[in-house]
Amino acid sequence: MKFNVMQQVPGNPNENKVWKWHIQDPASQRLTWNKPPKSVLVIKKIREAALLEPFKELCIFLTEVKNMIVYVEKKVLDDPAMSADDNFAAITKKFCTFREDLDDISNRVDFIICLGGDGTLLYASSLFQDSVPPVMAFHLGSLGFLTPFSFDTYQSQVTQVIEGNAGIILRSRLKVRVQKENWEKKPRVDEKGIIMTNGDIESHKAINYQVLNEVVVDRGPSSYLSNVDLFLDGHLITTVQGDGVIVSTPTGSTAYAVAAGASMIHPNVPAIMITPICPHSLSFRPIVVPAGVELRIMLSCDARNTAWVSFDGRGRQEISHGDSITITTSCFPVPSICLRDPVNDWFESLARCLHWNVRKKQNCMSSEDDDF
């Protein structure tokens, strides 16, 4: 990975890589390359017919015109519609393929191009549990709050990114650790496959996630209220009684959180949002806490049922008594490439996707109205 986002963060995990970020005015952060990028990961929504031609067109441009190494997920090329085009099939032989959860491409990709909606950017984030290459997202989905680029002019826009002429925003992620109280236990087996009798070993002790939008804890299929305790830096601050709670990043504040009544927060603001889902209390309002705190969520001891948790809509699992979910701000943000700059792109998305403060303007007052 070879990019610069203009003063190095102390202790930055990318210190020895060829990309680093400079902290300056967040509204004017720019992407520059230490070396010309040579490899790109192209992410496309699986089995989406409308994306087939844009995907082919982009990949041909990257390989034939820009001479780049293109990485594509294997299941994308397994689409029967992909192999139906003999001419493109010859191009795909030049691609490097990988499989999610099996192949590590974290040190092979210089930047990422997403084709689709916001889900493609969330998926790109999930592929990288440590540092993430810069992401360029094209709006070819339904909403597109996180995908500012139009595919109509993709050639000039991709060229500008390759040349390092682009703004960038560092979207913070959440580092999440799910600790299970009741471990899955397996019998201890020796080298010959014989089961030993001197005890069991523990497996699946904890699972870690990097989350771009939100962690959602809810009551699942139960008809009872969710009843979970919320700790901040080790201190119990409240018990959530309702349908659940959302812990989100500023990027996620315009997703599920805003539908549950949270404020919309610009991604450059260092913060974590805590938003109750249908709380059984009129006074339980969404709150914002500093990015550096550690949150812990556990089932209350007198909870009538278990809870369920999901991470950016994925990895849904049940949470039982004694289990805990620890959440803090990750040191691995997602560098998202801007169409213009972080501020203008965000307000443009608010207006285009959410129709923020759209209203017919009040008529001006005429001289005759002054008499009333």
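Rules used throughout
- Residues numbered from 1 in each chain as written.
- Predicted model: local features only at pLDDT ≥ 70, side-chain atom pairs only at ≥ 80, totals over all residues.
- Heavy atoms only, no water.
- Helix = DSSP H or I, 4+ residues; strand = E, 2+ residues; numbered from the N terminus.
- Buried < 20%, exposed > 50% of the residue type's maximum accessible area, 1.4 Å probe, protein only.
- Areas by Shrake-Rupley, 256 points an atom, 1.4 Å probe, with all protein chains shown as cover.
- Pairing = 2+ DSSP bridges.
- Axes fitted to C-alpha atoms, helices over the stretch in contact; angles between N-to-C directions.
- Contact = heavy atoms within 4.5 Å.
- Phe/Tyr/Trp six-rings, centres within 6.5 Å; stacked < 30°, edge-to-face > 60°.
- pLDDT = per-residue confidence, 0-100.
- Salt bridge = Lys/Arg side-chain N within 4 Å of Asp/Glu carboxyl O.
- Core = buried A, V, L, I, M, F, W, Y, C linked by side-chain atoms within 4.5 Å.
- Parallel < 35°, antiparallel > 145°, perpendicular 65-115°, else oblique.
- Left-handed = near helix turned anticlockwise from the far one by under 90°.
- Nonpolar A, V, L, I, M, F, W, Y, C, P; charged D, E, K, R; others polar.
- Lys, Arg positive; Asp, Glu negative; His and termini not counted.

A.B. asks: Would you explain the overall build of the chain in this entry?
C.D. replies: For the chain, the helix and strand inventory stands at eight helices and 24 strands. In the chain, which comprises 372 residues, the share counted as buried stands at 48%. In the form shown here, the chain has an accessible surface area of approximately 18,900 Å², with 51% of it arising from carbon and sulfur atoms.

A.B. asks: How do you make sense of the sheet that holds strand S16 (residues 235–242) when you look at a structure like this?
C.D. replies: Pairing between the strands of a sheet is mediated by backbone hydrogen bonds and can be parallel or antiparallel. In spatial order, the strands read S13-S10-S23-S20-S15-S16; together these six strands make up an open sheet with antiparallel pairing. Strand pairing shows two members of the sheet lacking a second neighbour, strand S13 (206–211) and S16, which therefore form its edges. Between one strand axis and the next, the sheet turns through 20 degrees on average, direction left out of account. Of the pairings in the sheet, the one linking strand S15 (residues 226–232) to S16 comprises seven bridges and is antiparallel in character. Paired with valine 228 across the bridge in S16 is valine 240.

A.B. asks: Which parts of the structure should I look at to understand unusual backbone geometry?
C.D. replies: A negative phi angle characterises most non-glycine residues, just as the trans form characterises most peptide bonds. Although it is not a glycine, aspartate 233 adopts a positive phi angle of roughly 50 degrees. Relative to the helices and strands, aspartate 233 resides in the loop between S15 and S16.

A.B. asks: How should the environment of phenylalanine 311 be read in this particular structure?
C.D. replies: Counting through the fold element by element, phenylalanine 311 comes out in strand S21 (residues 307–311). Sequence separation of phenylalanine 311 and asparagine 213 is 98 residues, and the distance between their C-alpha atoms is 8.0 Å. Apart from the residues lying within four places of it in its own chain, the contact partners of phenylalanine 311 are Val176, Val178, Tyr209, Val211, Glu214, Val215 and Gln317.

A.B. asks: Help me understand the packing of aromatic side chains, please; the structure alone is not making it clear to me.
C.D. replies: How two aromatic rings sit relative to each other is set out by the distance from centre to centre and by the angle between their planes. Applying the stated criterion across every chain, the model contains ten aromatic pairs. Ring centres of tyrosine 209 and phenylalanine 311 lie 3.9 Å apart, and the angle between their planes is 15 degrees; this geometry places the pair in the stacked category. One end of the pair, tyrosine 209, is in strand S13; the other, phenylalanine 311, is in strand S21, with 102 residues separating them in the sequence. Note on accessibility: tyrosine 209 and phenylalanine 311 belong to one class, buried.

A.B. asks: I tried to follow the confidence of the model for the chain on my own but got confused; where do I start?
C.D. replies: Where the model shows low pLDDT, its predicted coordinates should not be examined in detail. Across the chain, the average pLDDT comes to 87, with 85% of residues at or above 70. In the predicted structure, residues 7–11 sits below a pLDDT of 50 and forms ten contacts with residues beyond four places in sequence or in another chain. Segment residues 196–203: pLDDT under 50, and 19 contacts once partners within four positions in sequence are set aside and those in other chains are kept.

A.B. asks: What's the story with the pattern of salt bridges in this structure? I'm lost.
C.D. replies: Once their charged atoms are close, side chains differing in charge can pair, the charge on each being opposite to the other. Scanning all chains against the criterion turns up eleven salt bridges. We note a salt bridge from aspartate 323 to lysine 180, for which the minimum N-O separation is 3.7 Å. Remark: lysine 180 occurs in the loop between strand S10 (174–179) and strand S11 (184–189) and aspartate 323 occurs in the loop between strand S22 (314–319) and strand S23 (324–329); sequence separation between them is 143 residues. Salt bridges linked by common partners bring Glu73, Lys75, Glu100 and Arg314 together as one network.

A.B. asks: Please clarify how the nonpolar core should be interpreted in this entry.
C.D. replies: Nonpolar side chains tend toward joint burial in soluble globular proteins. Among the nonpolar cores identified, the biggest contains 33 residues, and Phe55, Leu58, Leu62, Ile113, Phe138 and Val158 are the most heavily contacted of them. Of all hydrophobic cores here, the second largest spans 28 residues; its members include Val217, Val245, Val289 and Ile327.

A.B. asks: Honestly, the pairing of strand S14 (residues 214–218) in this entry has me stumped. Any pointers?
C.D. replies: Among the five residues of S14, five are classified as buried, and the element is accordingly described as predominantly covered. Of the two faces of S14, the one lined by Glu214, Val216 and Asp218 and the one lined by Val215 and Val217 are each fully buried. One ladder, built from four bridges, connects S14 with S21; its direction is antiparallel. Paired with valine 216 across the strands is serine 310, a residue of S21.

A.B. asks: Help me understand the packing of helix H1 (residues 52–65) against helix H6 (residues 154–162) in this model?
C.D. replies: The relative placement of two packed helices is expressed as an angle between their axes plus a distance between the axes. At a closest axis distance of 11 Å, the pairing of H1 and H6 adopts a crossing angle of 45 degrees. In this view, H1 runs oblique relative to H6, as classed from their interaxial angle. Judged by the sense of rotation from one axis to the other, the crossing of H1 with H6 is right-handed. Of the residues in H6, those in contact with Glu57, Leu58, Phe61 and Leu62 of H1 are Tyr154, Gln155, Val158 and Thr159. Considering only residue class, the contact of H1 with H6 consists of five nonpolar, two polar and one charged.

A.B. asks: Honestly, the side chain of lysine 44 in this entry has me stumped. Any pointers?
C.D. replies: In this structure, lysine 44 sits in strand S4 (residues 39–44). Of the side chains with opposite charge, aspartate 79 lies nearest to the buried lysine 44, which makes no salt bridge, at 4.4 Å.

A.B. asks: For this particular structure, what's the right way to read the sheet that holds strand S19 (residues 287–290)?
C.D. replies: Read from one edge to the other, the open sheet built from six strands follows the order S19-S18-S17-S14-S21-S22, with strand pairing classed as antiparallel. The sheet terminates laterally at S19 and S22, the two strands that pair on one side only. Adjacent strand axes in the sheet meet at a mean angle of 20 degrees, parallel and antiparallel pairs treated alike. As judged from the four bridges shared by strand S18 (residues 271–277) and S19, these two strands associate in the antiparallel manner. Across the sheet, the residue bridging to alanine 271 is proline 290, located in S19.

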